[in-house]
Amino acid sequence: MKKLSVVLLIIIVLVVGFMLSTLSSPVLIMADDVEEGGGGAVDMAAKFSITGFEWIYPGSSVNAQGQTLHNIHLDSPDDPYGAARDIMTYTYNFTPHLIVSINNDGAEAIFGTSIVDDIRANDAYNGYAGNDKVQGTMSRGDAVNAAMTKNGMNVFQIPIQALLGNIAFHFV
């Protein structure tokens, strides 16, 4: 019983330590579309810290050379996550040391198979017709939030998708 208490205490300390570390170095979470543009693209991102989520639109996130977060896989194929870190530092004045990327397969497993269509149905930025051929009216962040809320989250899929490689952790 004493060993179990020690293990639980260690886990709690690690989780609290991780959450507190996000105050100085938030985690960057990116939705990678590995099939877009031949080399892949970042469709959406979010800054996560103990204070919450902040949506980041990849097309308006740039580095000093004007390269966008959306195109990091094309512009920096040898170190796309280092480029993402540099873009966050330049545009948003925070430097992530952990970047979590999730591809469409992982997102569909966690949030349901209609997650991408549900985002497109509401996303006014690109104005695509969605599930019901309805013009979107929301910002990309609001569209992602609405789709995630509508579909719910299957938290049990997170470790499975990480093991399958659909969620990847990049320390930069």
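Residues numbered from 1 in each chain as written. Predicted model: local features only at pLDDT ≥ 70, side-chain atom pairs only at ≥ 80, totals over all residues. Heavy atoms only, no water.

## Digging into the overall build of the protein
Piece 1. What the protein contains, in helices and strands, is seven helices and five strands.
Piece 2. Listing the helices and strands of the protein from first to last along the sequence gives α-β-β-β-α-α-β-α-α-α-α-β.
Piece 3. Per-residue burial over the protein gives 37% buried out of 172 residues.
Piece 4. Counting contacts in the protein only where the partners sit at least 6 residues apart, residues at least 24 apart contribute 55% of the total. (Helix = DSSP H or I, 4+ residues; strand = E, 2+ residues; numbered from the N terminus. Buried < 20%, exposed > 50% of the residue type's maximum accessible area, 1.4 Å probe, protein only. Contact = heavy atoms within 4.5 Å.)

## Looking at the sheet that holds strand β2 (residues 41–49)
Piece 1. Pairing is mixed across the open sheet formed by five strands, whose spatial order is β3-β2-β1-β4-β5. The open sheet terminates on both sides in strands that have one partner only, identified here as β3 (52–56) and β5 (167–171). Strand after strand, the sheet turns through a mean of 25° between neighbouring axes, direction not considered.
Piece 2. In the sheet, strand β1 (residues 27–33) pairs with strand β4 (residues 98–103) via five bridges, with the strands oriented parallel. Along β4, the bridge assignment pairs Ile29 with Val100.
Piece 3. Of the strands in this sheet, β1, β4 and β5 are in contact with helix α4 (residues 104–111), which crosses β4 at around 80°. (Pairing = 2+ DSSP bridges. Axes fitted to C-alpha atoms, helices over the stretch in contact; angles between N-to-C directions.)

## With respect to unusual backbone geometry
Piece 1. Of note in the backbone geometry, Asn93 takes a positive phi value of approximately 60° without being a glycine.
Piece 2. Mapped onto the secondary structure, Asn93 falls in the loop between α3 (80–92) and β4.

## With respect to the packing of aromatic side chains
Each aromatic ring pair is specified by the distance between its two centres and by the angle formed by the two planes.
Piece 1. Under the defined criterion, the tally for this structure stands at two aromatic pairs.
Piece 2. Following the ring pairs from residue to residue traces out a cluster consisting of Phe48, Phe53 and Trp55.
Piece 3. Just above the ring of Phe94 sits the side chain of Lys47; from NZ or CZ to the centre is 5.0 Å. (Phe/Tyr/Trp six-rings, centres within 6.5 Å; stacked < 30°, edge-to-face > 60°. Lys NZ or Arg CZ within 6 Å of the ring centre and 35° of its normal.)

## What to know about the pattern of salt bridges
Piece 1. A full pass over the atoms with the stated rule returns two salt bridges.
Piece 2. A salt bridge links Arg85 to Asp86, with the shortest nitrogen-to-oxygen separation between them at 3.2 Å.
Piece 3. Residue Arg85 is classed as partly exposed on the basis of its relative accessible area of 22%.
Piece 4. Residue classification places Asp86 among the partly exposed positions, given a relative accessible area of 39%. (Salt bridge = Lys/Arg side-chain N within 4 Å of Asp/Glu carboxyl O.)

## A look at the layout of surface pockets
Piece 1. Empty space within the largest pocket amounts to approximately 1000 Å³.
Piece 2. Broken down by secondary-structure element, the contributors of at least two residues to the lining of the largest pocket are β1, β2, β3, β4, α4, α5 (115–122), α6 (140–151) and β5.
Piece 3. Considering only residue class, the lining of the largest pocket consists of 30 nonpolar, five polar and seven charged. (1 Å grid on protein atoms, 1.4 Å probe; cavity = no way out; pocket = protein on both sides within 12 Å on 5 of 7 lines; lining within 4 Å. Points joined across faces, edges and corners; volume = space filled by probe spheres on them. Nonpolar A, V, L, I, M, F, W, Y, C, P; charged D, E, K, R; others polar.)

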